[in-house]
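Fold and contact review
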Amino acid sequence: MNGETIVEQIQIIDSKNHVGETVKIGAWIANKRSSGKIAFLQLRDGTAYFQGIVVKSEVPEEVFQLAKSLTQETSVWITGEIREDSRSKFGYEIGVTGIEVIGESHEYPITPKEHGTDFLMDHRHLWLRSSRQHAIMQIRNEIIRATYEFFNNNNFVKIDPPILTASTAEGTTDLFETNYFDQKAYLSQSGQLYMEAAALAFGKVFSFGPTFRAEKSKTRRHLIEFWMIEPEMAFMHQEESLEVQEQYVAFLVQSVLDNCDHALDVLERDREVLKKYTQLPFPRISYDEAVELLKKNGFDDIEWGDDFGSPHETFIANSFDRPVFILNYPKAIKAFYMKPHPTRDDVVICADMIAPEGYGEIIGGSERAIDHDYLLEQIRNHNLDEKEYSWYLDLRRYGSVPHSGFGLGLERTVTWLAGIEHVREASPFPRLLNRIYP
């Protein structure tokens, strides 16, 4: 190689393994400041952020002048020596000896100042580059990774239900309808019914995929597109399912604590608060007890049979220091497929898990009805097309077993674990990209 020194290319996140070495890093300029004799470059490469130090007396004049002229989001090759930096939370920096501009950036719209949420949402494709959004997406990625680990470790099989479906799981009209070769089809609200079929083939299964709601919601908590994790378990009753749910959520929290240290720092998330959410079991109260609790504390806008709104869920959650299960809701406000209570005609065997700190329901689940005639009656009572659900009834004709399942909303769970404040009222026509609240 004619005596040419080969400089290893690394990513910022791997700096700890290259202290004292001269390396090459591809990065973007997140920010910079300079004085007469030194320039500080805030660098990001998608794995982490750290600082590049350019000292005028240690580099050619053209390198120092280039460093001073770099603009926000210009892409560069940086060459230099990795050093420990005890002053930063990341712990490392690079002493820059060379800079090569890859792509220039001029008048980048998201400058290092306060911007309104509407402006940021309109520039969502660029907002993802910011340190805060970067941290949120790292936590989202960790929750996804930990989800696969948890269910694989517990002998679940991953199954992918269809996204275009002929019928609804929830019996609602809030569906996105499309023309499927001269037939009506809908974007999936849930893969649950298909997962029941899969559970009767594989025992324990889970899905992870997009779901859609056509409801024109104006609340802070509802999206028209979000991702759901939906496990389904054969030979399992509701109490056993609740144990799986709380173990799964505690596993997610611990995984974020173990693997998202820098992201939690950026978001200023209190780790001691999160640690409480790994303590099992989670508290449980019945729907009846929840209504009584609310009435005793001045909520005169709730009656038995009503569904809970955001203020009700928040108060219930604040009555406990961990996620709480609310058990056995009225049959009239729940889906047709839930198992009826063995001693009461007015409730079904189900549970919602309410997250602490006002983040609302993160899990909904139930034991599934297995009596064919009862299910057929429920389908008729909900004015659903019997033909569209004939395959679902087959699951009760051919070797049905007790089975239970649940769905966890990924985006709301990310919002909770990241500690993101709800600062945006959703538009009546929310953008599809509006998956993570600012």
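Quantities reported herein were computed from a predicted structural model and do not represent experimental measurements.

This part covers the overall build of the protein chain. For the protein chain, the count of helices and strands is 13 helices and 17 strands. With the C-alpha coordinates of the protein chain rotated into their principal frame, the extents come out at 85 × 55 × 40 Å. Buried positions account for 49% of the 438 residues belonging to the protein chain. Counting only contacts in the protein chain whose residues sit at least 6 apart along the sequence, the fraction spanning at least 24 positions is 66%. Accessible surface for the protein chain amounts to roughly 21000 Å². Of this, 49% is attributable to carbon and sulfur atoms. On the protein chain, the mean spot of the 46 positive side-chain charges and the mean spot of the 67 negative ones are 4 Å from each other.

Membership of the largest hydrophobic core comes to 45 residues, with the highest contact counts inside it found for I139, I143, F151, Y248, V249, V253 and W416. Once residues lying within four places of it in the same chain are set aside, the contact partners of V253 are L274, Y277, T278, W416 and L417. Within the second largest apolar cluster, 31 residues are counted, among which are Y287, I354, L375 and L395.

What follows concerns the packing of aromatic side chains. If you walk through the whole model with that rule in mind, you get 24 aromatic pairs. When the ring centre of W77 is taken as reference, the NZ or CZ atom of K24 above it lies at 4.5 Å. In this arrangement the basic side chain of K334 is found over the ring face of Y329, its NZ or CZ atom lying 4.3 Å from the centre.

Pairing is antiparallel across the open sheet formed by 3 strands, whose spatial order is β8-β10-β9. The open sheet terminates on both sides in strands that have one partner only, identified here as β8 (164–165) and β9 (177–180). Relative to strand β10 (residues 183–187), β8 runs antiparallel, the two sharing 2 bridges. Bridge pairing in β10 places L164 opposite L187.

Let us now look at the sheet that holds strand β14 (residues 324–327). If you walk across this open sheet you meet the 8 strands as β7-β11-β12-β17-β16-β15-β14-β13, and the pairing is mixed. Two strands lie at the open edges of the sheet, namely β7 (157–158) and β13 (284–286), each paired on one side alone. Here strand β12 (residues 225–234) runs beside strand β17 (residues 403–409); their pairing, made up of 5 bridges, is antiparallel. Bridging from a neighbouring strand, A234 pairs with H403 of β17. Packed onto the sheet, helix α13 (residues 410–418) meets β11 (204–212), β12, β15 (350–355), β16 (360–367) and β17 and runs at close to 60 degrees relative to β17.

Partitioning the protein chain into domains gives domain 1 (12–103) and domain 2 (124–425). Computed over C-alpha atoms only, the centres of domain 1 and domain 2 are separated by 45 Å. Between domain 1 and domain 2, the contact holds 7 residues from the first and 6 residues from the second. At the boundary of domain 1 with domain 2, total buried surface from both sides reaches about 630 Å², with 47% on carbon and sulfur atoms. Across the contact surface, domain 1 and domain 2 share 1 salt bridge.

For helix α4 (residues 131–153), which comprises 23 residues, the first-to-last C-alpha distance of 33 Å matches the rise-based estimate of 33 Å (1.5 Å per residue) to within 8%. One or two positions beyond α4, positive phi appears at N155, with a value near 65 degrees.

Okay, the pairing of β10 next. The sheet contact formed by β9 and β10 spans 4 bridges and is antiparallel. Counterpart to Y180 in the pairing with β10 is Q183. Linking β9 to β10, which pair antiparallel, is a turn of 2 residues; within it F181 sits at a positive phi near 50 degrees.

Across the junction of L280 and P281, the peptide omega takes the value 0 degrees, indicating a cis bond. Looking at the secondary structure, you find P281 in the loop between α8 (271–276) and β13. Despite not being glycine, N328 has its phi angle at roughly 60 degrees, a positive value. Among the secondary structure elements, N328 is positioned in the loop between β14 and β15. The phi dihedral of N383 falls on the positive side, at around 55 degrees, and the residue is not glycine. Looking at the element boundaries, N383 is found in the loop between α11 (372–381) and α12 (390–397).

A word on a nonpolar patch on the surface. A surface patch of nonpolar side chains, amounting to about 350 Å² of accessible area, comprises L164, Y180 and F181. For L164, a relative accessible area of 38% puts it in the partly exposed group.

Let us now look at the pattern of salt bridges. Summed over all chains, the structure comprises 26 salt bridges. A salt bridge links E272 to K275; the nearest nitrogen and oxygen atoms lie 3.1 Å apart. Taken as a pair, E272 and K275 lie in helix α8 at a separation of 3 residues, close to a single helical turn. Across the salt bridge formed by R344 and D288, the nearest N and O atoms sit 2.7 Å from each other. In this pair, R344 sits in the loop between β14 and β15 while D288 sits in helix α9 (residues 287–296), placing the two residues 56 residues apart along the sequence. On the basis of relative accessibility, which here comes to 29%, the residue R344 falls in the partly exposed class. It is possible to trace a salt-bridge network through shared partners that takes in R83, D85, R87 and E93.

So, on to the environment of L126. Its location among the elements puts L126 in helix α3 (residues 124–127). For L126 and E73, which are 53 residues apart along the polypeptide, the C-alpha to C-alpha distance reads 9.9 Å.

Before going further, it helps to examine the packing of α4 against helix α6 (residues 238–259). Where α4 contacts α6, the two axes come as close as 9 Å, and the packing angle between them is 130 degrees. Of the possible angle classes, the one that applies to α4 and α6 is oblique. Note that α4 runs across α6; the crossing there is right-handed. On α6, the residues that touch I139, E142, I143, R145, A146, T147, E149, F150 and F151 of α4 are V244, Q247, Y248, F251, L252, S255, V256 and N259.

Parameters at a glance
- Residues numbered from 1 in each chain as written.
- Predicted model: local features only at pLDDT ≥ 70, side-chain atom pairs only at ≥ 80, totals over all residues.
- Heavy atoms only, no water.
- Helix = DSSP H or I, 4+ residues; strand = E, 2+ residues; numbered from the N terminus.
- Buried < 20%, exposed > 50% of the residue type's maximum accessible area, 1.4 Å probe, protein only.
- Contact = heavy atoms within 4.5 Å.
- Areas by Shrake-Rupley, 256 points an atom, 1.4 Å probe, with all protein chains shown as cover.
- Lys, Arg positive; Asp, Glu negative; His and termini not counted.
- Charge placed at Lys NZ, Arg CZ, Asp CG, Glu CD.
- Core = buried A, V, L, I, M, F, W, Y, C linked by side-chain atoms within 4.5 Å.
- Phe/Tyr/Trp six-rings, centres within 6.5 Å; stacked < 30°, edge-to-face > 60°.
- Lys NZ or Arg CZ within 6 Å of the ring centre and 35° of its normal.
- Pairing = 2+ DSSP bridges.
- Axes fitted to C-alpha atoms, helices over the stretch in contact; angles between N-to-C directions.
- Domains from an automatic or database assignment.
- Buried area = accessible area lost by both parts, 1.4 Å probe.
- Salt bridge = Lys/Arg side-chain N within 4 Å of Asp/Glu carboxyl O.
- Expected span 1.5 Å × (residues − 1).
- Patch = residues over 30% accessible without salt bridge, like charges linked within 9 Å, V, L, I, M, F, W, Y side chains within 5 Å.
- Parallel < 35°, antiparallel > 145°, perpendicular 65-115°, else oblique.
- Left-handed = near helix turned anticlockwise from the far one by under 90°.

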